[in-house]
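An overview of the molecular structure
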Amino acid sequence: MRTALVLLFLLAVAAVPGSVLPQKGVKVEDVEAYARAHPDLAPWVDRLWGFEVFTSPWFAAIYLLLFTSLVGCILPRARAHWRAVWARPPAVPRNLDRLPQHAAPADAAGDAAAAAAAAAARLRRGRWRVAARAEGEGAWGVSAEKGHLKETGNLLFHTALIAVLLGVAVGSWYGWSGNRLVVAGPDYAFCNTVQQYDEFTAGPRVDPAALPPFCIELTDFHARFLPSGQPAAFRARVAVDGDGRPRREVPVAVNNPLRLDGANAYLLGHGFAPVLRYTDRFGRAQTTAVPFLPVDDLSTGEGAAKFPDANVDPRTGARDPRLQVAFEGLFLPTVPDAPPFTRSAFPEERAPGVLLWAYRGNLGEDAGIPGSVYRLDQAAVAAGALKQVGEPKLLRRGETWTLDDRTTVEFLGTRRWVTVSVRHDPGQVPVLAGVAVVLVGLTGSLFGRRRRVFLRFTPAAGGGCQVRAGGLPRTDYPGFADEFSQVVAGAVGAPAQVRDRGGTD
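As the structure is a prediction and not an experimental result, all values here were calculated from the model.

A word on the packing of aromatic side chains
Evaluation of the coordinates by the stated rule reveals 18 aromatic pairs. Taken together, Trp176, Phe190, Tyr197 and Phe200 form an aromatic cluster joined through their ring pairs. The ring of Phe346 is capped by Arg350, whose NZ or CZ atom sits 3.8 Å from the centre of that ring. If you follow Arg416 out to its NZ or CZ, it ends over the ring of Phe272, 3.9 Å from the centre.

The structure is reproduced here in structure tokens:
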């Protein structure tokens, strides 16, 4: 039991990094933001599984050791408890005066056997387990005990913990989850395939090709804020189809996930995607909605818009990588009245603007090396492969920026985006049932108190019988003296003169 408690404490301590550090399986954008904020520390945290705490080897080791320890704790205690439940209460001690509680009620009428039988019947009506024994020379002893619910609750609690651990294990083996940033509009809908997730995690028993079919499109998102800028409510509407049912629109909120056959979709984050239209030197326009990731509580966002196909000669198809164009910048839902324009004045879109830095050169995407879609390659900037064009420019909705080569970029407006976490966890039901049983067992463990009451009926010289009583609480029970007095009075039918030795076993 001591080992199990130590391991349970270690498991709680090991879970702390999973609560403090952003986790890849929950919100990969926060992990990327942490890596940008701590470029030296983040690689070491990643090597130590700090961004995947609950799937790390060291967390699994503590988990398995705790499971083994709990099983080793429960089995011997369950055997001992089974024997105790079915065993008769022990015989009446020889010296009742040595027990923590003892009393000498008034003598009872009738012989000792009849008085003991009557007392035993009264105790059984009080739901005590009772045993009456003849002690010789006409004396009878009655033993009664109560409170096995405490140990039953203890065993139920620990057994339910094993059920919870098994449920978590089932979810880890057969569950899967994926995160996807979804921009509003039919062009940005996604379907439930591994290739379309920004990040996907699956248990070893999951077949990625057998995911349930459905497609999700963000049709609307509304955020409400208090005058102080604190968020009040986030609500989205998504269209679902492709799952064998007619297309339908359903609401999704933070505590109201989208429930589908075989998966649930949760709303995690939200932001703005500025819509930029770039017109190259051949007059060809390209329009894109670029998600900008929030960097503060005022919805100020950072992002990058890349146009690798810019300035391609439409007649010959000639493509010069040195003429590729990209923009990096800040999006402000509410541009402040005065500079610097580096932070939004309010998280709601009241006077939107986007502060852009223009770059021209080789974006490096033709090399096939993966990179972030939210930032430019700073190594390429430092090496001179990407060069900044002019000074940064703040564009408000509908404004156009003309670059030095007469190409233009226009800020058309914004679209909303949300981060959707799609999850399937077959261990949820066992875990929920286990937690419910844990609460039941914990209630019995906390409020159950095992105690024993002993009565001895000895024939008196003048007729009738002499009664002596003793009480023994098996656990800490401050109110046992009062209960003992009431039980003895009810069993014997006479008030008890209780004497307290002031201790327990």
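Remarks on helix α8 (residues 428–447)
Compared with the 28 Å implied by 1.5 Å per residue over 20 residues, the 29 Å span of α8 between its first and last C-alpha is a close match. Along α8, the positions that sit buried rather than exposed are Gly434, Val438, Gly441, Gly444 and Ser445. Buried residues of α8 fall within an arc of 130 degrees about the axis and therefore sit on the same side. α8 presents Val429, Leu432, Leu439, Val440, Leu446 and Phe447 as exposed residues on the side facing more than 90 degrees away from its buried surface.

Observations concerning the pairing of strand β15 (residues 325–332)
For β15, the tally of buried residues reaches eight of eight residues, placing the bulk of the element in the interior. Neither face of β15 is exposed, since Val325, Phe327, Gly329 and Phe331 on one face and Ala326, Glu328, Leu330 and Leu332 on the opposite face are all buried. Pairing geometry for strand β14 (residues 301–307) and β15, over seven bridges, is antiparallel. If you follow Ala304 over to β15, its bridge partner there is Glu328. Here β15 runs beside strand β16 (residues 353–361); their pairing, made up of eight bridges, is antiparallel. Within β16, the residue paired with Phe327 across the bridge is Ala358.

Considering the sheet that holds strand β9 (residues 248–253)
Sheet strands line up and pair through hydrogen bonds in the backbone, either parallel or antiparallel. Spatially, β5-β7-β8-β9 is the arrangement adopted by the four strands of the open sheet, whose pairing is antiparallel. Two strands in the sheet have a free side with no partner beyond their single neighbour: β5 (190–191) and β9. Where strand β8 (residues 231–241) and β9 come together, six bridges link them in antiparallel fashion. Bridge pairing in β9 links Val238 to Val250.

Some remarks on the sheet that holds β15
Read from one edge of the open sheet, five strands run β13-β14-β15-β16-β17, paired in antiparallel fashion. Since the sheet does not close on itself, it has two edges, and those belong to β13 (293–294) and β17 (386–396), each with one partner.

So, helix α5 (residues 112–125)
The end-to-end C-alpha distance of α5 is 20 Å, a good match for the 20 Å that 14 residues give at a rise of 1.5 Å each. Check the buried side of α5 and you find it contacts β2 (129–136), β3 (139–146), β20 (451–459), β21 (465–473) and α9 (480–492).

Brief notes about the nonpolar core
Grouped together as the largest cluster of nonpolar side chains are 27 residues, with contacts concentrated most on Trp176, Ile216, Leu218, Val238, Leu258, Val418 and Val422. Among the secondary structure elements, those contributing two or more residues to this core are β4 (176–183), β7 (215–225), β8, β9, β10 (258–260), β11 (263–279) and β19 (408–424). Element by element, the count of residues in this core is highest for β7, at five residues. Counting 25 residues, the second-largest nonpolar core is a separate cluster that includes Ala108, Ala116, Phe457 and Phe480.

With respect to the environment of Gly464
Secondary-structure assignment places Gly464 in the loop between β20 and β21. Gly464 gets classed as partly exposed once you look at its relative accessible area, which sits at 25%. Spatially, the C-alpha atoms of Gly464 and Val295 are 89 Å apart, while their sequence positions differ by 169 residues. Residues contacting Gly464, with those up to four places away along its chain left out, are Ala108, Ala109, Gly110 and Pro459.

A word on unusual backbone geometry
Residue Pro340 is bonded to the preceding Pro339 through a cis peptide linkage, with omega at 5 degrees. Residue placement: Pro340 occurs in the loop between β15 and β16. Non-glycine residue Trp49 carries a positive phi angle of around 65 degrees. Mapped onto the secondary structure, Trp49 falls in the loop between α3 (41–47) and α4 (57–86). In this structure, Ser299 takes a positive phi of about 65 degrees despite not being glycine. Its place among the elements puts Ser299 in the loop between β13 and β14.

Conventions used here
Residues numbered from 1 in each chain as written. Predicted model: local features only at pLDDT ≥ 70, side-chain atom pairs only at ≥ 80, totals over all residues. Heavy atoms only, no water. Phe/Tyr/Trp six-rings, centres within 6.5 Å; stacked < 30°, edge-to-face > 60°. Lys NZ or Arg CZ within 6 Å of the ring centre and 35° of its normal. Helix = DSSP H or I, 4+ residues; strand = E, 2+ residues; numbered from the N terminus. Expected span 1.5 Å × (residues − 1). Buried < 20%, exposed > 50% of the residue type's maximum accessible area, 1.4 Å probe, protein only. Arc of directions from axis to C-beta. Pairing = 2+ DSSP bridges. Contact = heavy atoms within 4.5 Å. Core = buried A, V, L, I, M, F, W, Y, C linked by side-chain atoms within 4.5 Å.

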